[in-house]
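Observations on the model geometry
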Amino acid sequence: MSALKDKLKADLTASLKSRDDTRLRTIRMALAAVNVEEVAGKEARELSDDEIVKVLTKEAKKRREAAEAFSNAGRTQQAQAELDEQAVLEEYLPAQLSDEELNALVDEAIAESGAEGPRAMGAVMKVLNPKVAGRAEGGRVAAAVRARLSA
């Protein structure tokens, strides 16, 4: 079993004992999402830590989008609950890149791919995505590349 899945299960037990409802609910949801991903496809398999991080990133993004939708609808209590869940999930994800770090990686990728102009965005993204995997949201990365290429 992967180390991250072991940590999730240990934290599930700890949150059960400490009666931390938000944490308990979020970790149960995360483990359920991991289990669904493990049995998806033609045959069941064990996910690696990297694959689990992708699942948790997807779940954190869902929470962020739901919180935004709730706050736009004036439902602040539900929005806060989603943000609390997102905070718990982010504890298991790698640290996000700062704007400076992201811009440095974008500049590196542009130099590496020799790209010029907005049409070369695909080539830059191809080089950049493996470097930022799990550490920056795709939309944020695309916006940074677009800004650099159009400047």
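About the cut-offs
Residues numbered from 1 in each chain as written. Predicted model: local features only at pLDDT ≥ 70, side-chain atom pairs only at ≥ 80, totals over all residues. Heavy atoms only, no water. Core = buried A, V, L, I, M, F, W, Y, C linked by side-chain atoms within 4.5 Å. Buried < 20%, exposed > 50% of the residue type's maximum accessible area, 1.4 Å probe, protein only. Helix = DSSP H or I, 4+ residues; strand = E, 2+ residues; numbered from the N terminus. Contact = heavy atoms within 4.5 Å. Expected span 1.5 Å × (residues − 1). Axes fitted to C-alpha atoms, helices over the stretch in contact; angles between N-to-C directions. Parallel < 35°, antiparallel > 145°, perpendicular 65-115°, else oblique. Left-handed = near helix turned anticlockwise from the far one by under 90°. Nonpolar A, V, L, I, M, F, W, Y, C, P; charged D, E, K, R; others polar.

With an unreviewed UniProt entry as reference, the chain is termed GatB/YqeY domain-containing protein, source organism Nonomuraea typhae.

In this structure, Leu-4, Leu-8, Ile-27, Ile-52, Leu-56, Leu-89 and Tyr-92 are the most contacted members of the largest nonpolar core, which totals 20 residues. Those elements that provide at least two residues to this core are helix H1 (3-18), helix H2 (21-39), helix H3 (49-72) and helix H4 (76-90). No other element matches the 7 residues that H2 contributes to this core. In contact with Leu-8, not counting residues within four places along its chain, are Ile-27, Leu-31, Ile-52, Leu-56 and Tyr-92. Counting 19 residues, the second largest nonpolar core, distinct from the first, contains Leu-102, Ala-109, Ile-110 and Met-125.

Before going further, it helps to spend a moment on H2. Helix length check: H2 (19 residues) gives 27 Å between terminal C-alpha atoms against 27 Å at 1.5 Å per residue, within 8%. Taken as a whole, H2 has its buried residues at Arg-23, Leu-24, Thr-26, Ile-27, Met-29, Ala-30, Leu-31, Ala-33, Val-34 and Glu-38. Taken from the residues just after H2, Gly-41 is the one with a positive phi, measuring 100°.

Helix packing geometry: the angle between the two helix axes and the distance between the axes. The N-to-C vectors of H2 and H3 enclose an angle of 125°; their axes lie 10 Å apart at closest approach. The angle between H2 and H3 falls in the class oblique. Of the two possible hands of crossing, H2 and H3 adopt the one that is right-handed. Seen from H2, the contacting residues are Met-29, Ala-30, Ala-33, Val-34 and Glu-37; seen from H3, they are Ile-52, Val-55, Leu-56, Lys-58, Glu-59 and Arg-63. Per-class residue counts for the contact of H2 with H3 are 7 nonpolar, no polar and 4 charged.

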